[in-house]
Amino acid sequence: MEARSDVGVVLMNLGSPDSTSVPDVQRYLNEFLMDKRVIDYPYLFRWLLVTRIIVPRRAPKSAEAYRSIWWEEGSPLIVLTKQLQKAVQHDLQMPVEIAMRYGTPSPAAAYDKLLKENPQLKEVVLLPLYPHYAMSSYETAAEYAKEVYKKKKYPFKLTVIPPYFDEPDYINAVAESMRPYLQQDYDHVLFSYHGVPVRHIRKGDITGKHCLQVNDCCHVQSPAHEFCYRHQVKNTSELVAAKLGLPADKWSVSFQSRLGREEWLQPYTAARLEELPKEGKKKLLVVCPAFVSDCLETLEEIAVEGKHSFISNGGDSFTMIPCLNVHPLWVQAVVKWCGDITKSC
Ligand SMILES: C=CC1=C(C)c2cc3[nH]c(cc4nc(cc5[nH]c(cc1n2)c(C)c5CCC(=O)O)C(CCC(=O)O)=C4C)c(C)c3C=C
Ligand SMILES: [Fe+2]
Ligand SMILES: [Fe+2]
């Protein structure tokens, strides 16, 4: 591939605290949870809830959890995003930067760096590292990246890649990353996705009458699906299961990481991990396709807490399949998507 410096790529992920100290975790959680697309209550109520109740209670526990998974080079999510950056830049032969929705580096820092090192930059392709559309993940990342771009009047064109939950290259990469684990003896595969409040699903329904209102809504054709996290994660799971030839009774979907008292998407992963051994599913594989890079929610909540819960409820073996991280098929998919968009420039 011919090297180019007139086009660039930004890989955008969620972000992590700068360190595992309580003040750094507190700063990160405040920024994250004060996002109006994450905790979508009126400003004053959100401010009181986040800064006076949730964060003071949560920060010390979160800091401890981060400490248990932190690597010498830093937060796994950041380190793995940097590794993806390096691999994509190598294969794509164009400048690639990373940006985070919360914490550092910001999208502005990524744009500034690209422009400083490539003054002839004409176009930037931004890939949110979220395969599925949720107001609290893909939407907030994409909107923030566009807002910063407009505000600072950058001289290049910005193209944001849409959610890729059903893109054959993504499905293939997830399926192939799972395939070696299916060689071992297992009873069940659990697709565990980060949850969202049920209210967010209803709020995001552009028809106002489809999501969670129509029988089996996720399988009934509707324009609402373009913005429906529940539909999209189910679709990903069905496509991956079909690709791997998994029979319907060998896999299921659940939702993890619930925060607060509101109802979130069900079934909850925590509940399923207690129930599965009692249903005779004692050898479990867990995959988390909403996360492109391993992070606190996979390395601690699933691989440590989840495993402990499953085994102490009678499970025999528990294997967490790593996220795509720098799987060659995933790198190849990102290179192809970004390369295709920039080909015409
Ligand atoms: C996969 C996409 C994600 C969605 C959707 C999402 C929604 C969402 N998250 C919270 C609250 C927290 N999430 C936390 C960590 C976290 N969340 C995602 C992704 C999604 N979140 C990732 C990749 C991570 C890991 C970050 C890392 O540094 O490794 C946390 C912080 C950790 C903790 O204290 O448990 C919180 C808090 C809400 C409220 C929400 C939807 C409304
Ligand atoms: Fe989250
Ligand atoms: Fe829906």
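Remember, it's a predicted structure, so these values are computed and weren't measured experimentally. (Residues numbered from 1 in each chain as written. Chains lettered and ligands numbered in written order. Predicted model: local features only at pLDDT ≥ 70, side-chain atom pairs only at ≥ 80, totals over all residues.)

### Regarding the sheet that holds strand E1 (residues 7-13)
Strand order across the open sheet formed by four strands is E2-E1-E3-E4, with parallel pairing between neighbours. For this open sheet the edge positions go to strand E2 (96-100) and strand E4 (157-160), each flanked by a neighbour on one side alone. The sheet shows a mean angle of 25° between the axes of neighbouring strands, taken without regard to direction. Both E1 and E2 contribute to a ladder of five bridges, which runs parallel. Considered in E2, the bridge of Asn13 is made with Met100. The sheet contacts of helix H4 (residues 107-117) involve E1, E2 and strand E3 (123-128), and relative to E2 the element is tilted by about 165°. Together, E1, E2, E3 and E4 form the strand contacts of helix H5 (residues 135-151), whose direction differs from that of E4 by roughly 175°. (Pairing = 2+ DSSP bridges. Helix = DSSP H or I, 4+ residues; strand = E, 2+ residues; numbered from the N terminus. Axes fitted to C-alpha atoms, helices over the stretch in contact; angles between N-to-C directions. Contact = placed C-beta atoms within 7 Å.)

### Quick look at H5
Here H5 has its buried residues at Met135, Ser136, Ser137, Tyr138, Thr140, Ala141, Ala142, Ala145 and Tyr149. At the exit of H5 stands Lys153, carrying a positive phi of roughly 45°. (Buried ≥ 20, exposed ≤ 12 C-beta atoms within 10 Å, placed from the backbone.)

### Quick notes on the domain arrangement of the chain
Partitioning the chain into structural domains gives domain 1 (7-164 + 327-343) and domain 2 (168-320). Spacing between the C-alpha centres of domain 1 and domain 2 amounts to 23 Å. Taken together, the 23 residues of domain 1 in the interface contact 24 residues of domain 2. Going through the elements one at a time, helix H2 (43-69), helix H3 (76-92), H5 and helix H12 (328-343) are the ones with two or more residues in the side of domain 1 that touches domain 2. In terms of residue class, the side of domain 1 that touches domain 2 is made up of 16 nonpolar, six polar and one charged. (Domains from an automatic or database assignment. Nonpolar A, V, L, I, M, F, W, Y, C, P; charged D, E, K, R; others polar.)

### Topic: the packing of helix H1 (residues 22-33) against H2
The geometry of H1 relative to H2 is characterised by a closest axis approach of 8 Å and an angle of 130° between their N-to-C directions. Between H1 and H2, the angle is such that the two are oblique. Taken as a pair, H1 and H2 cross one another with a handedness that is right-handed. Here Val22, Val25, Gln26, Leu29, Asn30 and Leu33 of H1 lie close against H2, whose contacting residues are Val50, Thr51, Ile54, Val55, Arg58, Ala59, Pro60, Ser62, Ala63 and Tyr66. Partitioning the contact of H1 with H2 into residue classes produces eleven nonpolar, four polar and one charged. (Parallel < 35°, antiparallel > 145°, perpendicular 65-115°, else oblique. Left-handed = near helix turned anticlockwise from the far one by under 90°.)

### Some details on the site of ligand 1
The full set close to ligand 1 counts 22 residues, and Ser16, Ser62, Ser136, Cys295 and Leu296 are the nearest of them. Its residues assigned to classes, the shell around ligand 1 comprises 13 nonpolar, seven polar and two charged. The residues that make up the shell around ligand 1 include at least three from each of domain 1 (7-164 + 327-343) and domain 2 (168-320). (Near = placed C-beta within 6 Å.)

### Considering the confidence of the model for the chain
A residue-level look at the chain finds 100% of positions with pLDDT of 70 or above and a mean pLDDT of 97. The ipTM for the predicted assembly is 0.97, set against a pTM of 0.97. (pLDDT = per-residue confidence, 0-100.)

### Quick notes on the sheet that holds strand E8 (residues 317-320)
Spatial ordering of the open sheet is given by E6-E5-E7-E8, a layout of four strands whose pairing is parallel. Edge positions in the open sheet fall to strand E6 (251-256) and E8, since each of these has one partner strand only. Between one strand axis and the next, the sheet turns by 25° as a mean value, whatever way the strands run. Pairing between strand E5 (residues 188-194) and strand E7 (residues 283-287): four bridges, direction parallel. Each bridged residue has a counterpart across the sheet, and for Val189 the counterpart in E7 is Leu285. Along the sheet face, helix H11 (residues 301-312) touches E5, E6, E7 and E8 and points at about 165° away from the line of E8.

### Focus: the pairing of E7
In terms of burial, E7 is largely enclosed, as four of its five residues are buried. Pairing geometry for E7 and E8, over four bridges, is parallel. The partner of Leu285 across the bridge, within E8, is Thr319.

### Re unusual backbone geometry
Pro105 follows Thr104 through a cis peptide bond whose omega is -5°. Residue Pro267 is reached from Gln266 by a cis peptide bond, and omega for that bond is 0°. Mapped onto the fold, Pro267 is located in the loop between E6 and helix H9 (269-275). Phi is positive for Lys153, close to 45°, though the residue is something other than glycine. Its place among the elements puts Lys153 in the loop between H5 and E4. A positive phi angle, near 45°, is found at Asn325, a position not held by glycine. Here Asn325 shows up in the loop between E8 and H12. A tally of 19 C-beta atoms within 10 Å means that Asn325 is categorised as partly exposed.

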